[in-house]
Amino acid sequence: MGGFDPGLHFARVGGDPVRDAFPARRPVPPWNGRSPVAAEEIGSRWERALSSAPTARKRLAYVHVPFCANHCLFCGFYRSPARPEALDAYASLVIAELDLEASRPGVSGAPVHAVYLGGGTPTALAAGELARLLRALRHRLPLAPDCEITVEGRVLHFDPEKIDACLDAGANRFSIGVQTFDTAVRRHQGRRTSREELVRFLEALRDRERAAIVFDLLIGLPGQTRDVWRRDLETCIELEPDGVDLYALNVFPGTPLHRAIEAGKSEAASPLVEIGSFYAEGVERLMAAGWRQISNSHFARTTRERNLYNLLIKQGADCLAYGAGAGGSLGRLSYSIEPDPERWAAAIEGGSKPLVAMREAGPAQAVHDAIVAGLEQGRLDLARARVPEIERIEPLLAQWHAAGLLEDGGPVLRLTTAGRFWSTNLARALADFLAPAATGASSPLRGAQAFSSLATQRTSA
Ligand SMILES: C[S@@+](CC[C@H](N)C(=O)[O-])C[C@H]1O[C@@H](n2cnc3c(N)ncnc32)[C@H](O)[C@@H]1O
Ligand code: SF4
């Protein structure tokens, strides 16, 4: 059984599934099914990966810019303050990092289909630095002609000069962290821009008509009542961006928001039941306005929006990574780059890429990736994903169907809106169940009887 607890995977039957199918959302850890490479072998394994021709799958590149003007209370991604000296040096260092490997077969040997400049806050870099970095990426990496090139940013310190610099250097998509349009809720989280300033900026960006514009909206911020959420949705729809992400707020331990709530200095974040119901309302409202859902969190209004990077990363595509704190994958290896900007910079100046951790995919990785990717898009064909011993999970699928998470009992899983909201719980369950079966060991599933008794316990809980 390997410590596996099937009871964790049963949904509540009889409630409102989007609000209470599970007591908590369960993440799928990014390293699931991968085993660590010993520290002394990381260098040689990396060399070997760079020397090998890439497999023919779609590939990505990610550049991390770890600087932010301030630490927004809710954020679990904050790393470093935006000090001018660090910002000024950063683009040159990333370009030096690109140069270390640009001519190696593992990098140059196959096209890259999507590039993401993420953070932190890439738009904290000066206009000229953003342009230099984007041009270097285009010249040093084998970008496909239809490559999606996204710059992530926030409105603070993002001005027309930087927008032009990014567009002229080839960016074709901006992902803007809006979070909420409500000035009071924003300011409480450390977002200084008011609703009016934000709307003006977004209208001007959209009206250039030169790139896809997508927003991030958070669900569940303290003070984000149902009325605030409805106004957020209406404002988003009125602004007519190309796409939007609806993210359920996680109050990560260690974030300023977590500390503030613990100390009684902040109102609590919304309970999960409310977040689920806000999500369902968001899906319904966007669909009614003619948008289409292209992943569990992502919605597109126009044909220009593809959300390519985010979809491909979920499919387990190779991702060439650059910058302090970036993570990537090449062939069977996943790797993390030194997160401390000073240590990272020292290593790059010394001519080496500072990899601090590496993992190797196990035999179940392809099945795992197919499960995560299928569920992310709301449709998982178990046979096409090469999930072994499908008949052994039929009772689980029937239980999820009864709970309102699946449109029917399989074998092609089609997620309801509730199923989409809880998709990481479903992915985690399938990954936990199926990885041992995929390696040839016996599956932990015990059959229908165990499922029904556990289901009964959960239903009556
Ligand atoms: C890596 S952050 C960078 C965003 C950008 N720097 C900004 O400030 O708008 C990308 C997105 O992650 C989301 N995010 C950050 N903290 C989160 C949390 N605690 N729970 C859920 N989503 C979160 C936000 O919507 C944010 O826009
Ligand atoms: S939300 Fe953006 S700007 Fe704020 S701390 Fe997180 S990454 Fe930095």
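Report on the accompanying structure. Here the structure is a predicted model, which is why all the values come from computation and not from measurement.

1. A look at the site of ligand 2
The environment of ligand 2 is formed by Cys68, Asn70, Cys72, Phe74, Cys75, Tyr78, Gly120, Thr121, Arg154 and Arg191. In terms of residue class, the shell around ligand 2 is built from 5 nonpolar, 3 polar and 2 charged.

2. Notes on helix H3 (residues 84-101)
Helix geometry: H3 is bent most strongly at Tyr90, by close to 35°. When we look at burial in H3, the residues that qualify are Ala86, Leu87, Tyr90, Ala91, Leu93, Val94, Ile95, Glu97, Leu98 and Glu101.

3. Considerations on the packing of H3 against helix H5 (residues 127-140)
Where H3 meets H5, the axes come as close as 9 Å, and the angle between the chain directions of the two elements is 5°. Taken together, the axes of H3 and H5 lie roughly parallel to each other. Counted together, Asp88, Ala91, Ser92, Val94, Ile95, Leu98 and Asp99 of H3 and Glu129, Arg132, Leu133, Ala136, Leu137 and Arg140 of H5 form the full contact between these two elements. Here the residues of the contact of H3 with H5 sort into 7 nonpolar, 1 polar and 5 charged.

4. Thoughts on the side chain of Asp245
By the secondary structure assignment, Asp245 is in strand S9 (residues 243-248). Buried and without a salt bridge, Asp245 has Arg173 as its closest oppositely charged side chain, separated by 5.4 Å. For Asp245, the side chain forms a polar contact with the side chain of Ser297, separated by 3.1 Å. Residues within four places of Asp245 in sequence aside, it is in contact with Phe215, Asp216, Leu217, Ser297 and His298.

What counts and what doesn't
- Residues numbered from 1 in each chain as written.
- Chains lettered and ligands numbered in written order.
- Predicted model: local features only at pLDDT ≥ 70, side-chain atom pairs only at ≥ 80, totals over all residues.
- Heavy atoms only, no water.
- Near = heavy atom within 4 Å.
- Nonpolar A, V, L, I, M, F, W, Y, C, P; charged D, E, K, R; others polar.
- Bend = angle between axes of the 7 residues up to and from the residue.
- Helix = DSSP H or I, 4+ residues; strand = E, 2+ residues; numbered from the N terminus.
- Buried < 20%, exposed > 50% of the residue type's maximum accessible area, 1.4 Å probe, protein only.
- Axes fitted to C-alpha atoms, helices over the stretch in contact; angles between N-to-C directions.
- Parallel < 35°, antiparallel > 145°, perpendicular 65-115°, else oblique.
- Contact = heavy atoms within 4.5 Å.
- Lys, Arg positive; Asp, Glu negative; His and termini not counted.
- Salt bridge = Lys/Arg side-chain N within 4 Å of Asp/Glu carboxyl O.
- Polar contact = N/O pair within 3.5 Å; in protein donor to acceptor, adjacent residues only side chain to side chain.

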